[in-house]
Amino acid sequence: MDSLQRQVASLTDSLVKLEQGKSLALQAGYSNAFLGYQGLSERYIAELRKPRFSLGSTLGVCRRVRSPLAEVGRCWQPAADRWPLSSDAPVTLPSCILPDN
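Small disclaimer: the values here were computed from a predicted structure and weren't measured.

Here we take up the overall build of the chain. Per the secondary structure count, the chain includes 2 helices and 0 strands. Relative to its 101 residues, the chain shows a buried fraction of 2%. Summed over all atoms, the accessible surface of the chain reaches about 9700 Å², with 61% contributed by carbon and sulfur.

Written out as structure tokens, the structure is:
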């Protein structure tokens, strides 16, 4: 009976040590996962705070859009001798909008 009680006590000690080890491992894993999440969250927030468009690219887009519009504006400016239009003045389309023959 004495040897059986020693084995039970030994197994109980082993069980307690295993549970403590499991608890420490879970706590360490949770801490590592949480620290990783915090780092990832900080990088994500920093990325969201970055501007999506830089001023240089926005100005470049404005220049590219304005350039063709400026050409259209020049195309539609009436000649000084035909403005204001009178009923007897011939109406001619500017060459920039005539279809290609």
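And the narrative resumes.
It is worth spelling out the pattern of salt bridges at this point. Using the criterion set out here, one finds 2 salt bridges in the structure. Linking R6 and D2 is a salt bridge whose minimum nitrogen-to-oxygen distance equals 2.6 Å. Here the residue R6 and the residue D2 both occupy positions in helix 1 (residues 2-49), the gap between them amounting to 4 residues, near one helical turn. The partly exposed category is assigned to D2, whose relative accessible area is 46%. Between E47 and K50 there is a salt bridge, with its nearest N and O atoms 3.3 Å apart. Judged by relative accessible area, E47 falls into the partly exposed class, the value being 48%. What makes K50 partly exposed here is its relative accessible area of 48%.

This part covers the packing of aromatic side chains. The full count for this structure, using the stated rule, is 2 aromatic pairs. With 6.4 Å between their ring centres and 15° between their planes, Y30 and F34 make a pair best called stacked. Within this pair, Y30 and its partner F34 are both found in helix 1, separated by 4 residues, close to a single helical turn. Classification of Y30 as exposed rests on a relative accessible area of 58%. A relative accessible area of 38% means that F34 is categorised as partly exposed. Among the aromatic residues, those joined into a ring-pair cluster are Y30, F34 and Y37.

A separate point is a nonpolar patch on the surface. On the surface, a cluster of nonpolar side chains totalling about 340 Å² of accessible area is made up of M1, L4 and V8. Note that M1 resides in the segment before helix 1. For M1, a relative accessible area of 76% corresponds to the exposed category.

How each quantity is defined
Residues numbered from 1 in each chain as written. Predicted model: local features only at pLDDT ≥ 70, side-chain atom pairs only at ≥ 80, totals over all residues. Heavy atoms only, no water. Helix = DSSP H or I, 4+ residues; strand = E, 2+ residues; numbered from the N terminus. Buried < 20%, exposed > 50% of the residue type's maximum accessible area, 1.4 Å probe, protein only. Areas by Shrake-Rupley, 256 points an atom, 1.4 Å probe, with all protein chains shown as cover. Salt bridge = Lys/Arg side-chain N within 4 Å of Asp/Glu carboxyl O. Phe/Tyr/Trp six-rings, centres within 6.5 Å; stacked < 30°, edge-to-face > 60°. Patch = residues over 30% accessible without salt bridge, like charges linked within 9 Å, V, L, I, M, F, W, Y side chains within 5 Å.

Shape descriptors only; they carry no functional weight alone.
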